[in-house]
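Architecture at a glance
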Amino acid sequence: MSGRFVRSSKYRHVFGRPTRKEQCYDNLRISRNAWDTNLVKVNPRYLSVNWEAGGGGAFAVIPLEERGKLPERIPLFRGHTAVVLDTDWNPFNDELLASGSDDGKVCLWRVPEGFTVTPDVPADDIQDIAPVGKLSGHPKKVGHVLFNPAAENILATASGDFTVKIWDIEAGAAKLTLNLGDIVQSQSWSANGSLLVTTSRDKKLRIWDVRQERPAHEGAGHSGAKNSRSVWLGEHDRIATTGFSKMSDRQLALWDLRSPQLPIDGFKTLDSISGVCMPFWDDGTQCLYLAGRGDGNIRYFELENDKFEYLSEYKSADPQRGIAFMPKRGVNMHDNEVTCAFKTVNDTYIEPISFIVPRRSETFQDDIYPPTTGLKPAMGPSEWLAGKEAIPPKISMGSLYEGEGLKEVTGIEAKPTSNVSSEPEPKAVEPVKKAAEPTPEPTSVVKPAPSMKEQGASMAAMVSKFADEDEAEPVEESSFDEAPKPVERASRSPETVSPSVMASPFLRKDEQFKTQSPVASSSPIASTPGASTPAQSTGPTAAGVSTDAVSREIGAIKELLAEQTKTIASQAQQMQNLTAEIESLKAKLG
């Protein structure tokens, strides 16, 4: 053995698989505008692409199954009078999306039923798609649009007027306005839709209590002059940001929502490449993907114990300017695909990159596909504006794998990293509620739970291993002799046996050992008449007594170890239940 420690992870060997050129989305005219957005957005049915179009702004929508080379003329989504800067799909309706433009307008769109980019009509007769609604309120360009992940029809738009407006698109009006004082570079919602994190040109990181229209935290972010990005890490109270140092090195930082003054373990330097790092979070695998803008690499990390553990890197000679990641319910589980990225190449085509766990895939892999968010929102716009906070219900990935459609999973309130089978139990455990009262529970509880469970499992394995060996050779087993004071045990007398062994029921029951051991300890020679040397003192009677004593001691220690193992397993279960209860309370309290 080399002695080198290798971290255990299901995703250590995840690899990125590119797509052949003929299976890509080719002959595109992707926007060459320099505004820093991802250019591409995707859902399980469609791909939206900012388009290089004359006569006002436009973007294209491409059905995912229509791969290959597109015709020269395709139906575009037109309605803006200037270039389209960003689009976003409604998370609860795969046919609805919003767009922001340099003209200061926000347009709402619906993909027509049976939409295709290759209609069976002459090129001159192809009709463009018109918006179903417009939102006016920003006097300057709208650079970012983002739907709320928990509340239906709530949209955040960031503008060059240094504000973020929160729209109720059902009412067609801006309900809230967040004043930043500078250009917004990125924005990301929390999982329950109550908080919004932004990065801006003034190098500050802000966490907004949106419905109060004020920042819950405002502090220094990355110190470099280039753009920074932020992403909320799913249902965790953690935020990841990418940016630059003063020396223009690319950085990654992890922030704790409860103490956001400084990142956890500081700013981590990635490399010295000049392109912006675009972060994407996969809640199912707890992995963060970083795609470089201007280079062809995508590196990915796993979040473990408040640390990003590097997994691997997908490398390509084809640089990307824009990229989008598929929602979890759209991945190909029959290929063990955990996520899929769609990257732009040379502003002419989009290439899908599948990230795959190398396993046999004849059956559903429930450990890498936990329940995920479906198409049902947690609340309506009026409930959200009234202050409600909730996580959208989860759906079973197994039902999608079997082709049974979207099926909700009830009773799932903990994070996807927890065991689904153990999540409903915490509510029935009384000691958890008593232990949930102390204030420092998040930091003191979350980390020890896995280690306690692993410790209990390893102890159980150790006991079973020793038990097998003891049954085969009960006398000569030496592993237990070294643990509880081996020097004292060598005398084989009750006075020298450890107190824990003396308290064992094995010793209390055995009266014969109590009567024989004083004789053996006080006069070993007298117990074997005719013997005058130490070698002669170990006659058959003494050997039988010593053998019984050692066997009893081993049995007593084994019983103690078994009891300790049960205690550790019980504590681990209680700790796991406590963790789940805390996360449930945190989700309810926001």
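Residues numbered from 1 in each chain as written. Predicted model: local features only at pLDDT ≥ 70, side-chain atom pairs only at ≥ 80, totals over all residues. Heavy atoms only, no water.

1. Re the sheet that holds strand 27 (residues 308–314)
Reading across from one edge, 24-25-26-27 is the order of the four strands in this open sheet, with antiparallel pairing throughout. Each end of this open sheet is capped by a strand with a single partner; those strands are strand 24 (277–282) and strand 27. Going from strand to strand, the sheet's axes swing by 25 degrees on average, the running direction of each strand aside. Of the pairings in the sheet, the one linking strand 26 (residues 298–303) to strand 27 comprises six bridges and is antiparallel in character. Bridge pairing links isoleucine 298 to tyrosine 314 in strand 27. (Pairing = 2+ DSSP bridges. Helix = DSSP H or I, 4+ residues; strand = E, 2+ residues; numbered from the N terminus. Axes fitted to C-alpha atoms, helices over the stretch in contact; angles between N-to-C directions.)

2. Here we look at the environment of methionine 333
Turning to its location among the elements, methionine 333 is positioned in the loop between strand 28 (323–325) and strand 29 (337–345). Spatially, the C-alpha atoms of methionine 333 and isoleucine 368 are 9.6 Å apart, while their sequence positions differ by 35 residues. Once residues within four sequence positions are removed from consideration, methionine 333 is found in contact with Phe364, Tyr369, Met397, Leu400 and Tyr401. (Contact = heavy atoms within 4.5 Å.)

3. Examining the pattern of salt bridges
Any two side chains of opposite charge can pair, given that their charged atoms come close. Overall, the coordinates contain 35 salt bridges when judged by the stated rule. A salt bridge links arginine 258 to aspartate 237; the nearest nitrogen and oxygen atoms lie 3.6 Å apart. One end of the pair, arginine 258, is in the loop between strand 22 (250–256) and strand 23 (268–271); the other, aspartate 237, is in the loop between strand 20 (229–232) and strand 21 (238–244), with 21 residues separating them in the sequence. A relative accessible area of 12% places aspartate 237 in the buried class. In this structure, the salt-bridge partner of aspartate 295 is arginine 250, at a minimum N-O distance of 3.4 Å. Of this pair, aspartate 295 sits in the loop between strand 25 (287–292) and strand 26 while arginine 250 sits in strand 22, and the two are 45 residues apart along the sequence. Given the relative accessible area of 10%, aspartate 295 is considered buried. Overall, arginine 250 belongs to the buried group, its relative accessible area being 2%. One salt-bridge network, held together by shared partners, links Asp237, Arg238, Asp256, Arg258, Asp306, Glu583 and Lys586. (Salt bridge = Lys/Arg side-chain N within 4 Å of Asp/Glu carboxyl O. Buried < 20%, exposed > 50% of the residue type's maximum accessible area, 1.4 Å probe, protein only.)

4. Examining the nonpolar core
Ranked by internal contacts, the top residues of the largest apolar core, which has 58 residues, are Leu47, Tyr289, Phe342, Ile350 and Phe355. Residues within four places of leucine 47 in sequence aside, it is in contact with Tyr25, Val40, Lys41, Val42, Ala60, Val61, Ile62, Leu64, Trp89, Phe342 and Ile350. With 20 residues, the next largest nonpolar core counts Leu178, Leu196, Met379 and Trp384 among its residues. (Core = buried A, V, L, I, M, F, W, Y, C linked by side-chain atoms within 4.5 Å.)

5. Re the packing of aromatic side chains
On inspection of all chains with the given rule, the structure shows 19 aromatic pairs. Ring centres of tyrosine 25 and phenylalanine 342 lie 6.4 Å apart, and the angle between their planes is 40 degrees; this geometry places the pair in the tilted category. A residue pair is termed long-range when its members are at least 10 positions apart, and tyrosine 25 in strand 2 (residues 25–26) and phenylalanine 342 in strand 29 qualify at 317 residues. The exposure classification of tyrosine 25 matches that of phenylalanine 342, with both residues buried. Measuring from ring centre to ring centre gives 5.4 Å for tyrosine 300 and phenylalanine 355, while their planes differ by 80 degrees; the resulting arrangement is edge-to-face. Of this pair, tyrosine 300 sits in strand 26 while phenylalanine 355 is found in strand 30 (residues 349–356), placing the two residues 55 residues apart along the sequence. The exposure classification of tyrosine 300 matches that of phenylalanine 355, with both residues buried. (Phe/Tyr/Trp six-rings, centres within 6.5 Å; stacked < 30°, edge-to-face > 60°.)

6. Some details on the UniProt feature "coiled-coil region" (unreviewed entry) in the protein
Here, the residues flagged by UniProt with the feature "coiled-coil region" (unreviewed entry) are residues 561–588. Here residues 561–588 is 100% helix and 0% strand, with 40 Å between the C-alpha atoms at its ends. (UniProt positions renumbered as here; feature names shortened; annotations may be inferred.)

7. Details of the UniProt feature "repeat: WD" (unreviewed entry) in the protein
Taken from the UniProt record, the annotation "repeat: WD" (unreviewed entry) applies to residues 77–119, 135–177 and 184–218. Counting secondary structure, residues 184–218 comes out at 0% helix and 66% strand; the distance between its end C-alpha atoms is 14 Å.

8. With respect to the sheet that holds strand 10 (residues 105–110)
Either a parallel or an antiparallel arrangement is found when strands of a sheet pair, and the pairing is made through backbone hydrogen bonds. The strand order 8-9-10-11 describes an open sheet built from four strands, whose pairing is antiparallel. Each having just a single partner strand, strand 8 (84–89) and strand 11 (133–136) make up the two edges of the open sheet. Sheet twist, expressed as the mean angle between neighbouring strand axes with direction ignored, is 20 degrees. Judged from the five bridges that link them, strand 9 (residues 96–101) and strand 10 form a sheet pairing that is antiparallel.

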